[in-house]
Amino acid sequence: MKIAPNFSINKGFEPQSFKAEQQKTAAAANLQQKPVPAPTLLAYMLGKSPKTQSLNIKFYNSPSISELNSKYGEIARKDIAELATRAAKPGQVLNWIESLPAEQLGRLDEIYALADSMKKNGGNKLGIIGIGGSKHTIENLLSLNGKSDNIIFLSAVDPESMDKFVEKLGDLKGASIMVASKSGTTLEPSTGYEYVEKKFVEKFKNDYIAAGLNENEAQKAAEAEAAKHFVGITDKNPQASRLRKISEEKGYKTGVIHDDCGGRFGAFDDHALTALAYSEMSKEDMKKMLQSAQKAQKKFLSADINNNPAAQRALFNADCILKGKTNQYDYYFGDRFEGTKLWNTQMKKESHKALYKPADLIGPEFLHNSTESDLDSGNTNSFYTFNTIKNDGSKDYKAYNALVGGSLKAYSQRHPVSVIEFKDFSPETIGEYVELKHFEAIYTGMFSRSLKGAAHPQVLPEVEQPNVKIYKREVESLLKA
């Protein structure tokens, strides 16, 4: 059953004529529509605790949550219970559930001490060398928190890009470098680290020679000075991490990437939190973010589908996939989502493999490069999520609300569309959003598998990435040639 959007949203997003016009359009198209109240997170939060509402979840041109719950709820509840059981077991790559936020709350002093030491020896710019989850988790949190101004990233391995990275750091005496890699052997960050560290040593060596030191003295002094500007975030075991071993040998300060968290799911691991602390996020705000993540995890492990927005979104996704929708798009209305776009793309592609084809774009730019295809009458296999920002509907937001409301109207007439509306960009909202996407990714894979009658393997595919090893083997063979 298709439903018209019959529940309220921000007045700037939905003109009063929206519902009526959609019903007329549906009637003209010979579609039978029966308005069904959708018990989304909005209805739940308004009835229970409106002061804590951070994310407003909505669904358009889709079965209602009550219908999805009635149809798929038994399977979904079994999967939710299984995830909760697996989260406590070693080797499941699920330690980001319950364990990681709780541990990080107890380590805030340690994390801020590390960030303070980095600012002391290089407080003008932070260069982060990493790739995949070690990079995108940081980009997401920095972007959502509005803390990206004094941080630059390196994941490329060509000399031109690496030189440009060093150039952007400015005076190397005022720069810090954080290298993030669980194993310390991943080619891209290893290559970038070695190249950049060499540039630091060369610069300091030349300074010491100019100050009167001989070649050997200058080399030793330069290596010691460079060490003050580097931090290694990696596995705690030097036997398991080349980067940990190098950091201990050279005297770098270090942080930890925890076991069984998985790169893209390690949003609250040391690399991301240290970057936020360096960028002047207050300790109190970081505490609020982690506490919100803890609270959200409990909500998202609930078997009550009506009050579990992560399960609701996963059911929406799984239903679309089951009906042959093979293209999934996340559109973000605001530049604050620039880092989120990168992180969520990785989350979906690595977690869901070839289950569907995802794409994430920042709006309103997508309206001028994708909408022609999106709204073509031949496009019948797509579904969408709009990520928006709640506002007061004032004159300053008139253009924004017109773009969101008009796009939503146009897209939901042709496709299933869900909306995630941010109340604000507070630490609490960000903490909840990160966990929403974590659990949505896991549940979408689990529900889709269960709805096809397939069993879950020993380790959930949503937390693994075996296909990455294929390209790595080919690269390694060429490096050895």
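A. Quick peek at the sheet that holds strand 10 (residues 417–422). Taken in spatial order, the 5 strands of this open sheet run 1-10-9-7-8, and their pairing is mixed. Of all strands in the sheet, those with a lone pairing partner are strand 1 (55–60) and strand 8 (357–363), marking the two edges. Going from strand to strand, the sheet's axes swing by 15 degrees on average, the running direction of each strand aside. As defined by bridge partners, strand 1 adjoins strand 10 across 6 bridges and the pair is classed as antiparallel. Bridge pairing in strand 10 links Leu 55 to Phe 422. Across the face of the sheet, helix 13 (residues 309–322) comes into contact with strand 1, strand 9 (382–389) and strand 10 while running at roughly 150 degrees to strand 9.

B. A look at the environment of Gln 219. Relative to the assigned elements, Gln 219 resides in helix 9 (residues 215–227). A sequence separation of 11 residues divides Gln 219 from Tyr 208, and the C-alpha atoms of the two residues are 8.3 Å apart. If we skip the residues at most four places from it in the chain, Gln 219 touches Val 201 and Lys 205. Reaching out from Gln 219, the side chain makes a polar contact with the side chain of Lys 205 at a distance of 3.2 Å.

C. A look at the pairing of strand 3 (residues 151–154). Across 4 bridges, the pairing between strand 2 (residues 125–129) and strand 3 is parallel. Bridging from a neighbouring strand, Leu 126 pairs with Ile 151 of strand 3. Crossover strand 2 to strand 3 through helix 6 (residues 133–145) is right-handed.

D. Expanded view of the environment of Leu 142. Inspection of the secondary structure puts Leu 142 in helix 6. Setting aside residues up to four positions removed in sequence, Leu 142 forms contacts with Lys 147, Ser 148, Ile 151, Phe 153, Ala 275, Leu 276 and Ser 279.

E. Broad picture of the pairing of strand 6 (residues 253–256). Inspection of the sheet shows strand 5 (residues 230–234) paired to strand 6 by 4 bridges, in the parallel sense. Across the sheet, the residue bridging to Val 231 is Lys 253, located in strand 6. Running through helix 10 (residues 242–250), the crossover from strand 5 to the neighbouring parallel element strand 6 is right-handed.

F. Geometry of the packing of helix 5 (residues 108–122) against helix 11 (residues 270–278). At a minimum axis distance of 8 Å, the contact between helix 5 and helix 11 shows a crossing angle of 55 degrees. Accordingly, the angle class assigned to the pair helix 5 and helix 11 is oblique. Crossing handedness for the pair helix 5 and helix 11: right-handed. Contact residues: Ile 111, Tyr 112, Leu 114, Ala 115, Met 118, Lys 119 and Gly 122 in helix 5; Asp 270, Leu 273, Thr 274, Ala 277 and Tyr 278 in helix 11. The residue makeup of the contact of helix 5 with helix 11, split by class, is 8 nonpolar, 2 polar and 2 charged.

G. Representation of the packing of helix 6 against helix 11. Running from N to C, helix 6 and helix 11 cross one another at 35 degrees; their axes reach a closest spacing of 9 Å. Here helix 6 runs over helix 11; the crossing is right-handed. Along the contact surface, helix 6 presents Gly 133, Ser 134, Thr 137, Ile 138, Leu 141, Leu 142 and Asn 145, while helix 11 presents His 271, Ala 272, Ala 275 and Leu 276. Class assignment for the residues of the contact of helix 6 with helix 11 results in 6 nonpolar, 5 polar and no charged.

H. Main features of helix 12 (residues 283–300). Look at helix 12: 26 Å from first C-alpha to last across 18 residues, which is about the 26 Å you get at 1.5 Å a residue. Among all positions of helix 12, only Met 286, Met 289, Leu 290, Ser 292, Ala 293, Ala 296, Gln 297, Lys 299 and Phe 300 are buried.

I. Geometry of empty space enclosed by the protein. Tallying each qualifying case throughout the model produces 2 cavities of 30 Å³ or more. By volume, the largest cavity amounts to about 90 Å³. Lining the largest cavity are 14 residues, with Asn 317, Lys 348, Tyr 356, Lys 437 and Glu 440 positioned closest to its centre. Residue assignment for the lining of the largest cavity shows that the elements contributing at least two residues are helix 13, strand 7 (327–333), helix 14 (338–352) and helix 17 (427–451).

J. Expanded view of the sheet that holds strand 2. Read across the sheet, 5 strands follow the order 3-2-4-5-6 without closing on themselves; strand pairing throughout is parallel. Here the strands that pair on one side only, and so sit at the sheet edges, are strand 3 and strand 6. Direction aside, the axes of adjacent strands within the sheet are offset by 20 degrees on average. Sitting on the sheet, helix 11 is in contact with strand 2, strand 3, strand 4 (175–180), strand 5 and strand 6, with an inclination near 165 degrees to strand 4.

K. Representation of the layout of surface pockets in the model. Roughly 1200 Å³ of internal volume is contained in the largest pocket. As for the largest pocket, its lining consists of 39 residues, and the residues nearest its centre are Ser 183, Thr 186, Gln 465, Val 468 and Lys 472. Sorting the residues of the lining of the largest pocket by element identifies helix 6, helix 8 (187–210), helix 14 and helix 18 (468–480) as the ones contributing at least two each. Broken down by element, the residue count for the lining of the largest pocket peaks at 8 residues, all from helix 18. Tallied by class, residues from the lining of the largest pocket come to 13 nonpolar, 14 polar and 12 charged.

L. Local environment of the nonpolar core. Leu 83, Met 286, Tyr 443 and Phe 447 are the most contacted members of the largest nonpolar core, which has 98 residues in total. With 11 residues, helix 17 is the largest single contributor of residues to this core. Contacts of Phe 447, omitting those with residues within four sequence positions, involve Ala 76, Asp 79, Ile 80, Ala 311, Ala 314, Leu 315 and Ala 318. In this structure, Ile 152, Val 201, Ala 226 and Leu 243 belong to the second largest nonpolar core, which totals 23 residues.

Rules and cut-offs
- Residues numbered from 1 in each chain as written.
- Predicted model: local features only at pLDDT ≥ 70, side-chain atom pairs only at ≥ 80, totals over all residues.
- Heavy atoms only, no water.
- Pairing = 2+ DSSP bridges.
- Helix = DSSP H or I, 4+ residues; strand = E, 2+ residues; numbered from the N terminus.
- Axes fitted to C-alpha atoms, helices over the stretch in contact; angles between N-to-C directions.
- Contact = heavy atoms within 4.5 Å.
- Polar contact = N/O pair within 3.5 Å; in protein donor to acceptor, adjacent residues only side chain to side chain.
- Right-handed = clockwise from strand over helix to strand, strands pointing away.
- Parallel < 35°, antiparallel > 145°, perpendicular 65-115°, else oblique.
- Left-handed = near helix turned anticlockwise from the far one by under 90°.
- Nonpolar A, V, L, I, M, F, W, Y, C, P; charged D, E, K, R; others polar.
- Expected span 1.5 Å × (residues − 1).
- Buried < 20%, exposed > 50% of the residue type's maximum accessible area, 1.4 Å probe, protein only.
- 1 Å grid on protein atoms, 1.4 Å probe; cavity = no way out; pocket = protein on both sides within 12 Å on 5 of 7 lines; lining within 4 Å.
- Points joined across faces, edges and corners; volume = space filled by probe spheres on them.
- Core = buried A, V, L, I, M, F, W, Y, C linked by side-chain atoms within 4.5 Å.

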